Amino acid sequence: MADTNAEKFGRRLVGLGVSRGVGRGRVVFLRQGNRPLIRSVVPESGVQDEILRFRTAVEAAKLQLRDLSKSPANNEEHPVSDIFGVHLLILESSLIEKTESAIREKRINAEWALRDLVAEYSDRQASLADEHFRDKYLDIEDVANRLTRAMRGGTSSVDLEPHSVVVARELRPSAVIELAKHHPAGVITETGGWTSHMSIIAREFHLPMVTGIKNAEKLLSSGDLVVVDGNAGEVLLDQDPTKGKAVGRILARGNSAGENESPPHLFTTDGVEVIIRANAEDPLVYDRAKELGARGIGLFRSESLVGENGILPSEDEQFDAYIAVAKAVGGDAVAIRTFDISAVHLSGNIDDCEANPALGLRAIRAGLTDPEMLRTQLRAILRASTAGKVDIILPMISNVEEIIQARILIGTVREELLDQGVRAGDPRVGIMVEVPSAVIAAAQMVRHADFICLGTNDLVQYLLAVDRDNDAVANWYQTLHPAVLLSIKSVIDSAMDGGIPTTVCGEMAGSPFYVPVLVGLGAREISIHNNSIKSVANLITGISSADANALVKTLSNCETARETEARLREYYLANWKDLFPPGIINSRHR
Ligand code: PEP
Ligand code: MG
């Protein structure tokens, strides 16, 4: 997508804006293993300390490897000592010396110096035909990972300078959270879409972010001054002094669209109540949502508690997290979604990635296949549900049997707790409707559920067969596709006929452009991130549900998302122009 023809400075790289706002800063590259790897410059006075830190890690790694070669797992059947012997030799090799020279000469942190050398080896080894030599690279990489972990010793060894713009191929959600603590000016990635979890979190932290900048690592250099325009979906290389004014204007315009503190009203102008709930996993985030006017938590993504390498939280750790929010919401409910994770999340090992993870053993399927994991989680939720109003959401339901099985398990776990003298509540059980089978069979589904949580992120993905994380197909990810709108209508109607409520979740619900459409389709509860509450509430209170409904009826004449978007834009400009935050109506929304 990037424009490669222009001069480097003043050049615009066009991508996809996934988190609004504009930030300007110097490029810092970041690569990820289990935790983000950051390149930082070491001051001259710190070089010796950095080398010492590296040497300490080398010694620690040697001790680990010697211990490992003596471990009981190292027996005749599984002789691993050879491997560890090779790894020990690598720690004695020129790799160590070369890393130290790179720290000294380039004045960069040890992790990055090592990573550069390993990348060099990788390029050389990959071109070799002999498999034996190619495999050697894997050993080197393995040792490098061990050293990196040892250098970190559980604490972050690198600091991101203020006003950095982080550039990465893609980011894990946990990395975005870690980065947010350093307040980067913006984030640029090569891949990822609007509904990728990294993008959702970037929006939560108000980090301007642009994805889809292919070859960013080639087009940008470390230290380049760039502007990340998350509104326009562009990156501007900003070294030319004549561009200063334009950049200032972009910054001023981009950051004026933020939320202010005033709480919203929750009725349309013709008196229809639309409840805003929060997407939150933390009492502090919820407290802020409540100040803004949210009532309860409509979506608690419990997989946020799963650690790096797929380490699952214990029952008590989960209980602590759930009871904290249960107390925070009080009489308003928190809906805790059981782990929406896949095999690769659980093992933390990329080799466990299924060919089609989005269609694989994930979410409710993983829970029912490994009932111990689900049972532990249910125990924690049921125990916490005595402290407040707690609901359970079952993710990615595709047939009624899953709901029946899960409800039986919930009943059994509850009985067990009570038999053990442990207090347990009686939560409502809702289902995520986000795959086509659940939409088409919604009438059957609602008979078995207490409420519906309509996951629009996945609904668009699965309905249109378009990977939500793949920016190469971003043009096919069409929220306004007629099939999506018809599906939403049909689910809301089925739930209403069955006498149960629907909460609309996903990024569609938090985007002002789509909110009148949802109200017109009959949505009366939505669950959104804090940073959307103010603008969404402003819209809800500024429109009439009758107008929204009439507008939606006219959309049935539109055959494509493009036509629907144009129709909405025309209507909004003519009727509700002042209700939208600046720049929203004229941005692209498909
Ligand atoms: C969704 O799919 O719309 C949703 C709310 O859940 P997630 O984004 O976590 O898949
Ligand atoms: Mg989903």
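Structure's up top.
Not measured: the values here are computed from a predicted model. Along every chain, residues carry numbers that run from 1 in the direction the sequence is written. Starting at A for chains and at 1 for ligands, labels are handed out in the order in which the entities are written. For a predicted model such as this one, the threshold for reporting local features is a pLDDT of at least 70, and the threshold for listing and counting side-chain atom pairs is 80 or more; totals across whole chains, interfaces and linings nevertheless cover every residue. For side-chain calculations, the full set of non-hydrogen atoms in the structure is used, while hydrogens and water are omitted.

Trainee: Explain empty space enclosed by the protein here, please?
Mentor: Over the atoms a probe the size of a water molecule is rolled, and this reveals where empty space is left. Two kinds of site are reported from a 1 Å grid over the protein atoms alone, namely cavities, where a 1.4 Å probe fits but cannot get out, and pockets, open sets with protein on both sides within 12 Å along at least five of seven lines, and residues are called lining when an atom falls within 4 Å of a point. Grid points are joined across faces, edges and corners, and a volume is the space filled by probe spheres set on the points. Counted by the stated rule, this structure contains three cavities of 30 Å³ or more. Looking at the second largest cavity, its volume works out to about 50 Å³. Together, Thr338, Phe339, Ala363, Ile364, Gly367, Met373, Leu374, Gln377 and Pro395 line the second largest cavity. If one sorts the elements of the lining of the second largest cavity by residue count, helix α14 (residues 371-384) sits on top with three residues. The classification used treats Ala, Val, Leu, Ile, Met, Phe, Trp, Tyr, Cys and Pro as nonpolar, Asp, Glu, Lys and Arg as charged, and all other residues, Gly among them, as polar. Here the lining of the second largest cavity is built from residues that sort into six nonpolar, three polar and no charged. Runs of E in the DSSP output that reach at least two residues are strands. Runs of H or I that reach at least four are helices, and both are numbered from the N terminus.

Trainee: Can you help me understand the coordination of the magnesium ion (ligand 2) in this one?
Mentor: Where a metal carries four tetrahedral donors, each ideal angle is 109.5 degrees; where it carries six octahedral donors, the ideal angles are 90 or 180 degrees. Distances up to 2.8 Å from the metal define which N, O and S atoms are donors, and 3.2 Å serves for Na, K and Ca; water is absent from the atom set, so sites may look incomplete. At this site the magnesium ion (ligand 2) is bound by Glu434 (OE) and Asp458 (OD), with donor distances of 2.0 to 2.2 Å. Of this pair, Glu434 sits in the loop between β14 (428-433) and α16 (436-440) while Asp458 is found in helix α18 (residues 456-464), placing the two residues 24 residues apart along the sequence. This pair shows no difference in class: Glu434 is buried, exactly as Asp458 is. Any residue under 20% of the maximum accessible area for its type is buried, any over 50% is exposed, and the rest in between are partly exposed; the area is computed with a 1.4 Å probe on protein chains only.

Trainee: Hey, could you run me through the packing of α14 against helix α15 (residues 400-419) in this one?
Mentor: Geometrically, a packed helix pair is captured by the angle between its two axes and the distance between the axes. To obtain an axis, a line is fitted to C-alpha atoms, over the contacting stretch when the element is a helix, and the angle between two such axes runs from 0 to 180 degrees between their N-to-C directions. Look at α14 against α15: their axes get within 10 Å of each other, and the N-to-C directions meet at 60 degrees. It follows from the interaxial angle that α14 and α15 lie oblique. For α14 against α15, the interelement crossing comes out right-handed. Across the interface between the two elements, Leu374, Arg375, Leu378, Arg379, Leu382 and Arg383 of α14 pack against Leu409, Ile410, Val413, Arg414, Glu416 and Leu417 of α15. Across the contact of α14 with α15, the residue classes tally to seven nonpolar, no polar and five charged. By definition in this entry, angles of less than 35 degrees are roughly parallel, angles greater than 145 are roughly antiparallel, angles of 65 to 115 are roughly perpendicular, and the rest are oblique. The crossing is said to be left-handed when, going from far helix to near helix, the turn is anticlockwise and less than a right angle, and right-handed when the turn is clockwise. Residue contacts are defined here by distance: any two heavy atoms, one from each residue, within 4.5 Å place the two residues in contact.

Trainee: Before we go on, may I ask you to explain the site of ligand 1 in this structure?
Mentor: Residues are labelled near a given molecule or strand when at least one of their non-hydrogen atoms is within 4 Å of it. Near ligand 1 there are 14 residues, and of these Arg301, Arg337, Gly455, Asn457 and Arg468 occur at the shortest range. Nitrogen and oxygen atoms within 3.5 Å of one another constitute a polar contact, given that in protein one can donate a hydrogen and the other can accept it, and given that sequence-neighbouring residues count only through two side-chain atoms. Between Asp458 and ligand 1, the recorded distance is 3.0 Å, taken from a side-chain N or O atom to an oxygen atom. Measuring from an oxygen atom of ligand 1, one finds a side-chain N or O atom of Arg468 at 2.8 Å. Only the protein chains shown count as cover for residues, and the accessible areas themselves come from Shrake-Rupley with a 1.4 Å probe. For ligand 1, whose accessible area on its own is 290 Å², the fraction buried by protein is 99%. Element by element, the count of residues in the shell around ligand 1 is highest for α18, at three residues. When the residues that make up the shell around ligand 1 are grouped by side-chain class, the tally is three nonpolar, five polar and six charged.

Trainee: Any chance you could explain helix α21 (residues 530-542) here in plain terms?
Mentor: An α-helical turn contains 3.6 residues, so a residue and the one three or four places further along point in the same direction. An ideal rise of 1.5 Å per residue puts 18 Å on 13 residues; α21 measures up with 19 Å between its terminal C-alpha atoms. Most of α21 is tucked away, with 10 of its 13 residues classed as buried. Every buried residue of α21 is accounted for by Asn530, Asn531, Ser532, Ile533, Lys534, Ser535, Val536, Ala537, Leu539 and Ile540. For α21, the secondary structure elements touched by its buried residues are α7 (197-204), β10 (275-279), α10 (283-292), α20 (515-521) and β17 (525-528). In a helix, the anticipated span is given by 1.5 Å times the number of residues less one.

Trainee: Sorry, what's going on with the packing of aromatic side chains here?
Mentor: A ring pair, where both rings are aromatic, is described by two values, the distance of the centres and the angle of the planes. Centres within 6.5 Å are what make two rings of Phe, Tyr or Trp a pair, Trp counting through its six-membered ring; a difference in plane orientation under 30 degrees is then read as stacked, over 60 as edge-to-face, and the rest as tilted. Scanning the model with the defined rule gives six aromatic pairs in all. An angle of 90 degrees between the planes, with centres 6.0 Å apart, marks the rings of Phe513 and Tyr514 as edge-to-face. A relative accessible area of 7% places Tyr514 in the buried class. For the pair Tyr572 and Phe580, a centre-to-centre distance of 4.6 Å together with 35 degrees between the ring planes defines the contact as tilted. Just as Tyr572 is buried, Phe580 falls in that class too. Within the aromatic cluster, the residues linked to one another by ring pairs are Phe513, Tyr514, Tyr571, Tyr572, Trp576 and Phe580. The ring of Trp112 is capped by Arg115, whose NZ or CZ atom sits 4.3 Å from the centre of that ring. Criterion for a charge above a ring: Lys NZ or Arg CZ within 6 Å of the ring centre, and within 35 degrees of the ring normal. The side chain of Arg203 reaches across the aromatic face of Trp194, ending 3.7 Å from its centre.

From the geometry alone we can't say anything about function, so treat these as descriptive.
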